[in-house]
Amino acid sequence: MMHFGSIITAMVTPFDQDGKLSREKTEVLVEHLIRSGSDSIVVNGTTGEAPTLSDEEKITLIQWVVEIVNHRIPVIAGTGTNDTRKSVELTKKATALNVDGIMAVTPYYNKPSQRGMIEHFKRIAAATHLPVILYNIPGRSVVNLTASSVIELSRIENIAAVKEASGNLVQIASIIENTGDSFAVYSGDDSLTLPILAVGGTGVVSVASHIIGAEMKEMINAFFNGEVKKAAKYHRKLLPIMEALFIAPNPTCVKYALKWRGIDAGDVRLPLVPLAKEEKEKLTSILKSL
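Notes on the structure follow. (Residues numbered from 1 in each chain as written. Predicted model: local features only at pLDDT ≥ 70, side-chain atom pairs only at ≥ 80, totals over all residues. Heavy atoms only, no water.)

We now examine the nonpolar core. Counting 82 residues, the largest nonpolar core has Val99 and Leu245 as the members making the most contacts within it. The greatest single-element share of this core, amounting to eight residues, is contributed by helix H2 (residues 55–69). Of all hydrophobic cores here, the second largest spans 15 residues; its members include Ile8, Val42, Ile76 and Ala161. (Core = buried A, V, L, I, M, F, W, Y, C linked by side-chain atoms within 4.5 Å. Buried < 20%, exposed > 50% of the residue type's maximum accessible area, 1.4 Å probe, protein only. Helix = DSSP H or I, 4+ residues; strand = E, 2+ residues; numbered from the N terminus.)

Within the closed barrel, the eight strands sit side by side as E1-E2-E3-E4-E5-E6-E7-E8. Their pairing is parallel. Here the average twist between neighbouring strands, direction ignored, is 25°. By the bridge criterion, three bridges tie strand E3 (residues 75–78) to strand E4 (residues 101–105) in an arrangement that is parallel. Counted as the bridge partner of Gly78 is Met103 from E4. (Pairing = 2+ DSSP bridges. Axes fitted to C-alpha atoms, helices over the stretch in contact; angles between N-to-C directions.)

Quick look at the packing of helix H11 (residues 252–260) against helix H12 (residues 277–289) now. Close contact between H11 and H12 brings their axes to 11 Å; oriented N to C, the two are set at 55°. Between H11 and H12, the angle falls in the class oblique. Like other packed secondary-structure pairs, H11 and H12 cross with a definite hand, here right-handed. Packed against H11, whose contacting residues are Cys253, Tyr256, Ala257 and Trp260, the element H12 presents Lys280, Leu283, Thr284, Leu287 and Lys288 at the interface. (Parallel < 35°, antiparallel > 145°, perpendicular 65-115°, else oblique. Left-handed = near helix turned anticlockwise from the far one by under 90°. Contact = heavy atoms within 4.5 Å.)

What follows concerns the environment of Thr52. Within the secondary structure layout, Thr52 lies in the loop between strand E2 (40–43) and H2. Beyond its immediate sequence surroundings of up to four residues, Thr52 is in contact with Glu57, Arg269 and Leu270.

For the structure shown, the criterion picks out eleven salt bridges. Between Asp264 and Lys25 there is a salt bridge whose closest N-O contact spans 3.4 Å. Of this pair, Asp264 sits in the loop between H11 and H12 while Lys25 sits in helix H1 (residues 23–35), and the two are 239 residues apart along the sequence. With relative accessibility at 35%, the residue Asp264 sits in the partly exposed group. Lys93 is the salt-bridge partner of Glu89, the closest N and O atoms lying 3.1 Å from each other. In this pair, Glu89 and Lys93 are both assigned in helix H3 (residues 84–96), four residues apart and thus about one turn of the helix distant. Taking relative accessible area as the criterion, Glu89 reaches 40% and is therefore assigned partly exposed. Each of Lys25, Lys259, Asp264 and Asp267 takes part in one network of salt bridges that share partners. (Salt bridge = Lys/Arg side-chain N within 4 Å of Asp/Glu carboxyl O.)

Looking at the secondary structure, you find Ser206 in strand E8 (residues 203–206). Among the residues examined, Ser206 registers a relative accessible area of 0% and is labelled buried. At 3.2 Å, the side chain of Ser206 and the backbone nitrogen of Ala208 are in polar contact. Residues in contact with Ser206, not counting those within four places in the same chain, are Ile8, Thr9, Ala10, Asp190 and Met216. (Polar contact = N/O pair within 3.5 Å; in protein donor to acceptor, adjacent residues only side chain to side chain.)

Attention now goes to the side chain of Ser154. As for its position among the elements, Ser154 is in the loop between helix H6 (147–153) and strand E6 (159–164). With relative accessibility at 18%, the residue Ser154 sits in the buried group. Once residues lying within four places of it in the same chain are set aside, the contact partners of Ser154 are Ile159, Thr179 and Phe183.

Take a look at the structure:
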C-alpha cells in the first residue's frame, strides 16, 4: 500500500485574475510545495475550494498536477461529496488519471447516520484499487465519523488512512489503538500535529505547510528521532502562524500568505472574500515575525 509520508499538503487551487484555473500558477505552486517538504499533495480538497469547482475543473486540475509532479511524490485526489453516486463517479475518473490515492470527506449537509457513512465509504473504496483516506471533519460536515466506524472501515483492504479533524484526542487515540499498524492516522489540524504524533499518529494533512513546510518537517523529524524537547520547541514557535492562517475562512489566509511570499495563487472564489485590511495587517505582522 502506498505510503504518503508525514506531511500531506492540502493544496490551494490557483486561479488567474479572472477566477479561472491557471496552469502556470499551478506549476509554480507544486514546485514550491515539493521543495518545501511536502511528501504528498491533495488536490480538490477543502483548502482547494472544491465546493466551487465544477467536475470538469476538478478533472483538469488533477490532470495538471499529475503531469507536473511526474511521479516525484504521491498525488491524492479529493473525490468525496454528499452524494455517494457522484463521489463514486469522481473516484473512478480520478483513478483513471493515474493519481496515487483518494481522499473522501464525510458527507456534509444531509447528516447521514453512522451506518449511512459506512456504506458511503464502502462504495467509494469499491470504485477504485487505490488507497482511500477517510476525512472526518465535524466542524464542516456536522456529522462525526466515530472511532468504531473508522475501525470497521479500516478492515477494508484499500481504506488505508484517516484524516482526523475532530480535535478529539480521545477518539483519535482509540482509532490508533484499535486499527492495524498499516492504517495511518493523520491530523487534520496543523496545531494538533505534535499531540497526535505523541499518541501514535502518522503525520498531518496540512494547510500551514504551504508557508512553513520545511519547519514542520523539522518538527516531525525531531519527534521521530526522539528529540521530543526540540519538537516541542518547534511546535510552540509555529503555533502563532498555524493559528493566524485561520483568522478568516480557509483558504483565504493561506492564499494571501503565499502571495506575500511571492507565490501568486490568485484570490478565493465567492462566497469567500479576500482578507480585510486589518486581517492582512495582523497576518503580515505574524509572517514577518517568523
